[in-house]
Amino acid sequence: MIAIDGPTASGKGTVASRVAGQLGWHLLDSGALYRLTALACLEQGIAADDVGRAAAAAQALDVRFGDGTVAMSGRDVSADIRREDVGSLASQVATLAPVRAALLERQRAFRAAPGLVADGRDMGTVVFPDADLKIFLVASAEARAQRRYKQLIEKGFSANLLTLLRDLEARDARDTQRALAPLAAAHDALVLDSSHLTIDETVAQVMAWWHERWHQRAASRGA
Ligand code: CDP
Ligand code: CDP
């Protein structure tokens, strides 16, 4: 079990998916579950502070993850959940305890042989505290805003770099300051700053740490 946590646009999703691909493991994009809850709230007219209905929406999610796609109630919502308004509402509903509780077991159910790579905010601290390897992936706010800008433009969305930087800093503040499962490195996480690393270099570092951990475990089992 490998847990990768970090702030928005630090590269968690890309790196988790590449590592899972190299190892032939399952993948959990936990942020997608919060985004799906937010999208369901938007579509059903549920306000961000309507705790009961937001939690009911999280509980009732009918989700199917495909190869890089996500379907909600049989409809492909892969592009919709990446919208910035959905991301912003996701970070608001993510502060609600009943919403987090509703999504907890759903996330744990992804753990299966031969292994799982999960990315999010609290993978190493709350959802999988016994993960074999925990990575806390960071990058400067400027690098992350640039990456998000490029990503949105490439997908055909319009975007403004300064607005993105401001929204990203607001989301960082909300994610790190909330009382419940705040964004924080687990005490046993390895911190990786990817501000000046390419995706390949970041993936290579995670794989190197995984192999190191694997050999340490094998050596201690043999001792
Ligand atoms: O999942 P998270 O929000 O942390 O980030 P992501 O969606 O995986 O990455 C955001 C964007 O940054 C993607 O377009 C990645 O290709 C890009 N990226 C990068 O340019 N350099 C890296 N070292 C990591 C990600
Ligand atoms: O792609 P990006 O990093 O911007 O966000 P995401 O991972 O898709 O998550 C969207 C929002 O869901 C985050 O801003 C968090 O507030 C929340 N989230 C969370 O609270 N716990 C997680 N394990 C994953 C996401």
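Residues numbered from 1 in each chain as written. Chains lettered and ligands numbered in written order. Predicted model: local features only at pLDDT ≥ 70, side-chain atom pairs only at ≥ 80, totals over all residues. Heavy atoms only, no water.

### Side note on the overall build of the protein chain
Here comes step 1: Regarding its fold elements, the protein chain presents 9 helices and 8 strands.
Here comes step 2: Taken along its principal axes, the extent of the C-alpha atoms in the protein chain is 60 × 35 × 35 Å.
Here comes step 3: Per-residue burial for the protein chain yields a buried fraction of 44% across its 223 residues.
Here comes step 4: Pairs at least 24 residues apart make up 76% of the contacts formed inside the protein chain by residues separated by at least 6 positions.
Here comes step 5: If you sum the accessible surface of the protein chain, you get close to 10800 Å²; carbon and sulfur atoms cover 54% of it.
Here comes step 6: For the protein chain, the centre of its 26 positive side-chain charges and the centre of its 27 negative side-chain charges are spaced 2 Å apart. (Helix = DSSP H or I, 4+ residues; strand = E, 2+ residues; numbered from the N terminus. Buried < 20%, exposed > 50% of the residue type's maximum accessible area, 1.4 Å probe, protein only. Contact = heavy atoms within 4.5 Å. Areas by Shrake-Rupley, 256 points an atom, 1.4 Å probe, with all protein chains shown as cover. Lys, Arg positive; Asp, Glu negative; His and termini not counted. Charge placed at Lys NZ, Arg CZ, Asp CG, Glu CD.)

### Overview of the pattern of salt bridges
Here comes step 1: Using the criterion set out here, one finds 16 salt bridges in the structure.
Here comes step 2: Salt-bridge contacts for D50 lead to R53; the nearest nitrogen and oxygen are separated by 3.8 Å.
Here comes step 3: A relative accessible area of 27% places D50 in the partly exposed class.
Here comes step 4: With relative accessibility at 42%, the residue R53 sits in the partly exposed group.
Here comes step 5: R111 is the partner of D130 in a salt bridge, and the nearest nitrogen-oxygen pair spans 3.1 Å. (Salt bridge = Lys/Arg side-chain N within 4 Å of Asp/Glu carboxyl O.)

### Details of the UniProt feature "binding site: ATP" (unreviewed entry) in the protein chain
Here comes step 1: Under the local residue numbering, the UniProt record ascribes the feature "binding site: ATP" (unreviewed entry) to G6, P7, T8, A9, S10, G11, K12, G13 and T14.
Here comes step 2: Positionally, K12 belongs in helix α1 (residues 12-23).
Here comes step 3: On the basis of relative accessibility, which here comes to 7%, the residue K12 falls in the buried class.
Here comes step 4: When neighbours within four sequence positions are excluded, K12 is seen to be in contact with I4, D5, G6, P7, D119, G120, R121 and L137. (UniProt positions renumbered as here; feature names shortened; annotations may be inferred.)

### As for the site of ligand 2
Here comes step 1: Taken together, 20 residues lie around ligand 2, and T8, R35, R100, D122 and D175 are the ones closest in.
Here comes step 2: Here D175 contributes a side-chain N or O atom positioned 2.7 Å from an oxygen atom of ligand 2.
Here comes step 3: Protein coverage of the free-state accessible area of ligand 2, which is 520 Å², stands at 97%.
Here comes step 4: Elements represented by at least two residues in the shell around ligand 2 include exactly α2 (30-44), α4 (84-93) and α8 (161-177).
Here comes step 5: The class makeup of the residues in the shell around ligand 2 is 5 nonpolar, 5 polar and 10 charged.
Here comes step 6: In this structure, the shell around ligand 2 is formed jointly by two domains, domain 1 (1-25 + 115-223) and domain 2 (31-113), each of which donates at least three residues. (Near = heavy atom within 4 Å. Polar contact = N/O pair within 3.5 Å; in protein donor to acceptor, adjacent residues only side chain to side chain. Nonpolar A, V, L, I, M, F, W, Y, C, P; charged D, E, K, R; others polar. Domains from an automatic or database assignment.)

### A short note on the site of ligand 1
Here comes step 1: Around ligand 1, the structure places 15 residues, and the nearest of them are A9, K12, G13, T14 and R148.
Here comes step 2: For ligand 1, an oxygen atom lies 2.8 Å from a polar atom in the backbone of A9.
Here comes step 3: Measuring from an oxygen atom of ligand 1, one finds a backbone N or O atom of S10 at 3.1 Å.
Here comes step 4: Protein contacts shield 80% of the accessible area of ligand 1, which totals 550 Å² for the unbound molecule.

### Details of the side chain of S91
Here comes step 1: Position of S91 relative to the elements: it lies in helix α4.
Here comes step 2: Judged by relative accessible area, S91 falls into the buried class, the value being 4%.
Here comes step 3: At 3.0 Å, the side chain of S91 and the backbone oxygen of S88 are in polar contact.
Here comes step 4: In this structure S91 touches R171, R174 and D175, once residues within four positions along its chain are discounted.

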